[in-house]
Amino acid sequence: MSEKSVKRYTVTAALPYVNGPKHIGHLAGAYIPSDVYARYLRLMGKDVVFICGSDEHGTAIPNQALKEGTTSKAIIDKYDALIRDCFHKLGMSFDIYHRTSEPIHHQTSQEIFLNLYNKGLFTEETSEQYFDEEANVFLADRYIVGTCPTCGHTNAYGDQCEKCGSTLSPRELINPRSTLSDKPPILKPTKHWYLPLENYEPWLREWILKSHQQDWKPNVYGQCKSWIEEGLQPRAMTRDLDWGIKVPLPDADGKVLYVWFDAPIGYISATRALFDEVHSGNLKFATPQRKFENVGKEDWKKYWQDEDTRLIHFIGKDNIVFHCIIFPVMLKATGEFIVPDNVPANEFMNLEDDKMSTSRGWSIEMHEYLEDFPDKPDVLRYALLTNLPEAKDSEFTWKDFQAKNNNELVAIFGNFVNRAVVLTQKYFEGRVPVQKDLSDLDKKALADLKDFPVKIAASIEAFRFREATANFIDLARTGNKYLAETEPWKLAKTDLDRVGTILNVSLQIAASLSIVGEPFLPFTSRKLKDLLGVSDLSWQQAGNADVLKAGTLLTEAPLLFEKIEDAVIEAQVKKLFDKKRTMELESQPANPAKAEVTFDEFSKMDIRIGKILKAERVEKSKKLLKLEVDTGIDKRTVMSGIAEHFSPEEVIGKQVTILVNLAPRKIMGVESQGMILMAEDKDGALKLVAPASDVTAGAGVR
RNA sequence: GGCGCGGUAGCUCAGGUGGUUAGAGCGUUGGAUUCAUAACCCAAAGGUCGGGGGUUCAACUCCCCCCCGCGCUACCA
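In this report, the structure presented in the accompanying data block is examined.

1. Quick notes on the overall build of chain A
No. 1: Of the regular secondary structure elements, chain A holds 20 helices and 25 strands.
No. 2: Its C-alpha atoms put chain A at 105 × 65 × 45 Å along the principal axes.
No. 3: Taken across its 702 residues, chain A has 53% of its residues classed as buried.
No. 4: Sequence-distant contacts in chain A: of pairs separated by 6 or more residues, those separated by 24 or more amount to 74%.
No. 5: Entry remark: accessible area of chain A is about 31,900 Å², with carbon and sulfur atoms responsible for 50%.
No. 6: The positive charge centre, built from 89 side chains, and the negative charge centre, built from 102, are 2 Å apart in chain A.

Spelled out as structure tokens, the structure:
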């Protein structure tokens, strides 16, 4: 909430990464709130652009292509089309949904990179990276697999072990091998360009910690503070990869921009493309949601460079560091761009008691929902809106989805509209009756009506979308209450004028519902406007007592919503569990065999059965136990990363298998003399490996 | 382990800068009603505000410690 005068708004929604479908958690995190915000601003008559698009670079795209046995281009085309279609069907009102694979984005990204390069803002650094000699390429983290040092999983990726979730760097992997050739990679020096984030720390402190302490959400502010206080590091802005945007420098063959460098620039290139397309009249990606008049090709600059533009990024909590630290530093460093006014990041939405995850099959993907409920985009929007993870992780359940539909959309909103319309048809042949003398109840209802748009607007502007949605449904409640109090059906025989006034007031409420409900339920709003015979109205008209003109003919009343039966909900829950089970079975093949070894090589390993004599926790370590083991030869100290699986008490006295001639190594200041062997279960659980019955300590294993 | 965000009625969640009987929706129970998709409307029951200290005339709200959930980060031969 800066004090600058706001002339226009640039609203962005996180660019979905197109390595797969996106689920309803993504909708709740960024897309639904951003759409409500953008629609609201348009209704207010504000100058706004709403920007989104597909994020199509990075190592995970080629990786997914490999998995699906196809090309990177095919992957991005497939998922871009899928996600684009889902967003459209869910009513996402982007002015443009662009793609980072488009030439104009490559151009914009390279321009910004060169801008920083020419200012001398990058540092160049050469480091040793894994290189596949056979394929003749540097290996991105994801293309290197090896044994996870944490859990022993033999197929951990170079950036992360999917089994235990540890964040890794490729150098940590044991027995690394290239996924391209299945050969061990070699280390080879390579040069990269780094953005020294630490140079911007004073500015970040001033900009975020001081000037946005009040208006940024606690979760966002806290996360930024955490990053800044931990000490910022130089961050590589380039990668060795053949999929992405070429580094626009002469000595940079085989190097591309880091996906997190180019992705947020996608917002800018999309805006640029929007004005390009509207200017030329040749709309390819642009879907302008309002009149853009007398548009110049360079008008995009106003939305990114003028100080009187308010820039808002809607994202999920996983993107905070990029949108609050790295991208703003990039923008600031150019000296030409504005930085975000606010980044209202949401937390995560859980599903039926567990984290949502596409890869684990525990998710409701957008396209899955739309296949099963093609005529109910608004019901999903509403169910998500009433339970957005605004301050903490929230929970989506199918039962709650059903309840929100049946008890609120059907019973309160739909029912109110239906009551007003049916009564009007019954007593006034479907024409809006005249408003005559107002009773106290009428005046009270109209006064309440007047307040709602103000309250709802305040909530939306403060990014409190749940509250805004609750206020909206409360307006329908007010309508029901008004009908219950005035009981027009009882007066029909005695005082038709009075009935007319009551129904006029009721229909005015319905008309306002169609206006203020538009950001939340755009499809229903359209239906309701058609039913009432009103055209598109501005937010300012909402709350007025004369939105509907007397005499207007209402159309036959279609029901706005229908009940969802228990069987439908039960089927969805079953489908969810079935999907998870299928994915589990599919994604858990036994690890492939390692490279062949000779008997001599194997014989070098001195593996024995030992007995654990002592075990204690290691101070300041979550995963380590310090063990004293009787190896039969001696008693020695072994550090073992099993503290999350065993308590010290339960391992004391146990026989274990130990590699005794492993070179000693200091861990947490203690010398570890050997390694305890573990069996790792499919779920990552560790088990001690011991003989079926006790043997003498020191017995060899061969 | 360090840092950040959370831990409020059966459920999902609100509760700026501390101040009368702690709120909403759903669910439950009772009542009223029939225009409406057995919907609506009214009312009630239901909480030692994670636990323990402290500051204060007064704390859900401020400070300290502990426990639990989530996230980032480190150790992991």
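Back to the write-up after that little detour.
2. Brief notes about helix H13 (residues 440-461)
No. 1: Spanning 22 residues, H13 covers 32 Å between terminal C-alpha atoms, matching the ideal 32 Å at 1.5 Å per step.
No. 2: Looking only at H13, the buried set comprises Asp442, Ala445, Leu446, Leu449, Phe452, Pro453, Ile456, Ala457, Ser459 and Ile460.
No. 3: Contacts made by the buried residues of H13 are with helix H1 (24-43), helix H14 (465-486) and helix H16 (496-516).
No. 4: The backbone nitrogen of Leu441 lies 3.3 Å from a side-chain oxygen of the residue at the head of H13, namely Ser439.
No. 5: Where H13 terminates, the next one or two residues include Phe463, which has phi positive at roughly 60 degrees.

3. Some remarks on the packing of helix H5 (residues 201-210) against helix H9 (residues 320-334)
No. 1: Relative orientation of the contacting elements H5 and H9 amounts to 115 degrees, with a least axis distance of 11 Å. When the interaxial angle is binned, H5 and H9 end up roughly perpendicular. Viewed along their axes, H5 and H9 form a crossing whose handedness is right-handed. Between H5 and H9, the contacting residues are Trp203, Leu204, Trp207 and Ile208 on the first element and Cys324, Ile325, Pro328, Val329 and Lys332 on the second.
No. 2: Residue composition of the contact of H5 with H9, by class: eight nonpolar, no polar and one charged.

4. Here we look at unusual backbone geometry
No. 1: A positive phi angle, close to 45 degrees, is found at Glu352, a residue other than glycine.
No. 2: Within the secondary structure layout, Glu352 lies in the loop between strand E14 (349-351) and helix H10 (366-372).
No. 3: Even without being a glycine, Asp353 presents a positive backbone phi close to 80 degrees.
No. 4: In this structure, Asp353 sits in the loop between E14 and H10.
No. 5: Here Asp353 falls in the exposed class, since its relative accessible area comes to 71%.

5. Topic: empty space enclosed by the protein
Over the atoms rolls a probe the size of a water molecule, and in doing so it shows where empty space is left.
No. 1: With the rule as written, the count across this model stands at three cavities of 30 Å³ or more.
No. 2: Approximately 90 Å³ is the volume found for the largest cavity.
No. 3: Lining the largest cavity are Ser363, Ile364, Glu368, Tyr369, Asp372, Phe373, Trp398, Gln572, Lys575, Leu576 and Lys579.
No. 4: Looking at the lining of the largest cavity residue by residue, the class counts come to five nonpolar, two polar and four charged.
No. 5: Forming the boundary of the second largest cavity are Pro33, Lys217, Phe314, Pro344, Asn346, Glu390, Phe463 and Phe465.

6. Focus: the environment of Met92
No. 1: Residue placement: Met92 occurs in the loop between helix H3 (72-89) and strand E3 (96-99).
No. 2: Residues Met92 and Ala38, spaced 54 residues apart in sequence, show a C-alpha to C-alpha distance of 9.6 Å.
No. 3: Beyond its immediate sequence surroundings of up to four residues, Met92 is in contact with Tyr31, Ile32, Ser34, Asp35, Phe50, Phe87 and Arg381.

7. As for the sheet that holds strand E8 (residues 174-178)
Sheet strands pair by backbone hydrogen bonding; their relative direction is either parallel or antiparallel.
No. 1: Strand order in the open sheet formed by three strands is E7-E6-E8, with antiparallel pairing between adjacent strands. In this open sheet, the two edge strands, each paired with only one partner strand, are strand E7 (156-157) and E8.
No. 2: In this structure, strand E6 (residues 144-147) lies alongside E8, joined through three bridges in antiparallel fashion. In the strand pairing of E8, Ile144 is matched with Ser178.

8. Structural notes on the nonpolar core
No. 1: Core analysis: the biggest nonpolar cluster contains 186 residues, and Phe261, Phe396 and Phe413 have the highest contact counts within it.
No. 2: Residues in contact with Phe261, not counting those within four places in the same chain, are Ser109, Ile112, Phe113, Leu116, Phe122, Met237 and Met330.
No. 3: Counting 15 residues, the second largest nonpolar core, distinct from the first, contains Val629, Val651, Ile658 and Val660.

9. Thoughts on the packing of aromatic side chains
No. 1: Inspection of every chain in the model, using the stated rule, returns 30 aromatic pairs.
No. 2: Seen in terms of ring centroids, Trp260 and Phe322 are 3.8 Å apart; in terms of plane orientation they differ by 5 degrees. Their pairing is stacked. In this pair, Trp260 is assigned in helix H7 (residues 259-280) and Phe322 in helix H9, connecting sequence segments 62 residues apart. Of the two residues, Trp260 and Phe322, neither departs from the other in class, the shared state being buried.
No. 3: Ring plane angle 80 degrees and centroid distance 5.1 Å describe the contact between Trp398 and Phe401, whose orientation is recorded as edge-to-face. With Trp398 and Phe401 both in helix H12 (residues 398-428), this residue pair falls three residues apart, about one helical turn. We note that Trp398, like Phe401, is buried.
No. 4: One cation-aromatic arrangement involves Arg290 over Phe292; the distance from NZ or CZ to the ring centre is 3.9 Å.
No. 5: The residue whose ring lies beneath Lys455 is Phe452, and the NZ or CZ to ring-centre distance is 4.3 Å.

10. Observations regarding the pattern of salt bridges
No. 1: Following the criterion strictly, the structure yields 48 salt bridges and no others.
No. 2: Across the salt bridge formed by Asp536 and Lys529, the nearest N and O atoms sit 3.5 Å from each other.
No. 3: We classify Lys529 as buried; its relative accessible area is 3%.
No. 4: One salt-bridge network, held together by shared partners, links Glu56, Lys73, Asp77, Asp80, Arg84 and Arg99.

11. Quick notes on the sheet that holds strand E2 (residues 48-54)
No. 1: The strand order E3-E2-E1-E13 describes an open sheet built from four strands, whose pairing is parallel. On the outer flanks of this sheet lie E3 and strand E13 (309-314), each paired with one strand and no other. Adjacent strand axes in the sheet meet at a mean angle of 25 degrees, parallel and antiparallel pairs treated alike.
No. 2: Bridge count for strand E1 (residues 8-13) against E13 is six bridges, and the pairing is parallel. Following the sheet pairing, Arg8 is matched in E13 by Thr309.

12. Some thoughts on the pairing of strand E17 (residues 625-630)
No. 1: Residues Leu625, Leu627 and Val629 of E17 are buried on one face, while the alternating residues Lys626, Glu628 and Asp630, pointing to the opposite face, are not.
No. 2: Here strand E16 (residues 607-617) pairs with E17 via six bridges, running antiparallel. Residue pairing in the sheet places Ala615 in a bridge with Leu627 of E17.
No. 3: Here six bridges tie E17 to strand E18 (residues 635-640), and the two strands are oriented antiparallel to one another. Pairing of Val629 across the sheet is with Arg636, part of E18.
No. 4: Between E17 and E18, which pair antiparallel and follow one another directly, the connecting turn spans four residues, one of which, Gly632, has a positive phi of 90 degrees.

Thresholds applied
What you see as residue numbers is a count from 1 along each chain, following the sequence as written. Written order decides the labels, with chains lettered from A and ligands numbered from 1. Since the coordinates come from a predicted model, pLDDT governs what is reported: local features require at least 70, and pairs of side-chain atoms require 80 or more to be given and counted, while whole-chain, interface and lining totals use all residues. The basis for every side-chain value is the complete set of non-hydrogen atoms in the structure, without hydrogens or water. Only DSSP runs of H or I covering at least 4 residues are called helices, and only runs of E covering at least 2 are called strands; the numbering of each starts at the N terminus. Accessible area is worked out with a 1.4 Å probe on protein chains only. A residue is then buried under 20% of its type maximum, exposed over 50%, and partly exposed in between. Here, two residues are considered to be in contact whenever any of their heavy atoms come within 4.5 Å of each other. Per-residue and other accessible areas were derived by the Shrake-Rupley procedure at a 1.4 Å probe size, with only the shown protein chains allowed to occlude residues. Neither His nor the chain termini are counted; the positive set is Lys and Arg, and the negative set is Asp and Glu. Working definition for charges: the position is that of NZ of Lys, CZ of Arg, CG of Asp or CD of Glu. Multiplying 1.5 Å by the helix residue count minus one yields the expected span of that helix. Distance and chemistry together define a polar contact, namely a pair of N or O atoms within 3.5 Å, with one atom able to donate a hydrogen and the other to accept it when in protein, and with adjacent residues in sequence counting only for side-chain atoms on both sides. Lines fitted to C-alpha atoms define the axes here, with helix axes fitted over just the stretch in contact, and angles between the N-to-C directions of these axes take values from 0 to 180 degrees. Any angle that is under 35 degrees is reported as roughly parallel, and any over 145 degrees as roughly antiparallel; angles of 65 to 115 degrees are reported as roughly perpendicular and all others as oblique. By definition, turning the near helix anticlockwise from the far helix through less than a right angle yields a left-handed crossing, and turning it clockwise yields a right-handed one. Residue polarity follows a fixed list, in which Ala, Val, Leu, Ile, Met, Phe, Trp, Tyr, Cys and Pro are nonpolar, Asp, Glu, Lys and Arg are charged, and the others, Gly among them, are polar. Cavities and pockets were defined on a 1 Å grid built over protein atoms only: a cavity is a set of grid points that admits a 1.4 Å probe from which the probe cannot escape, a pocket is an open set flanked by protein on both sides within 12 Å along at least five of seven lines, and lining residues are those with an atom within 4 Å of any such point. Grid points are joined across faces, edges and corners, and a volume is the space filled by probe spheres set on the points. Pairing between strands is defined by DSSP: at least two bridges between the two strands are required. Side-chain atoms within 4.5 Å are what join buried Ala, Val, Leu, Ile, Met, Phe, Trp, Tyr and Cys residues into a set we call a nonpolar core. Each pair of aromatic rings taken from Phe, Tyr and Trp, with Trp reduced to its six-membered ring, is defined by centres within 6.5 Å and is described as stacked if the planes are under 30 degrees apart, edge-to-face if over 60, and tilted in the remaining cases. The criterion for a charge sitting over a ring is simple: Lys NZ or Arg CZ within 6 Å of the ring centre, and within 35 degrees of the ring normal. When a carboxyl oxygen of Asp or Glu is within 4 Å of a side-chain nitrogen of Lys or Arg, the pair counts as a salt bridge.

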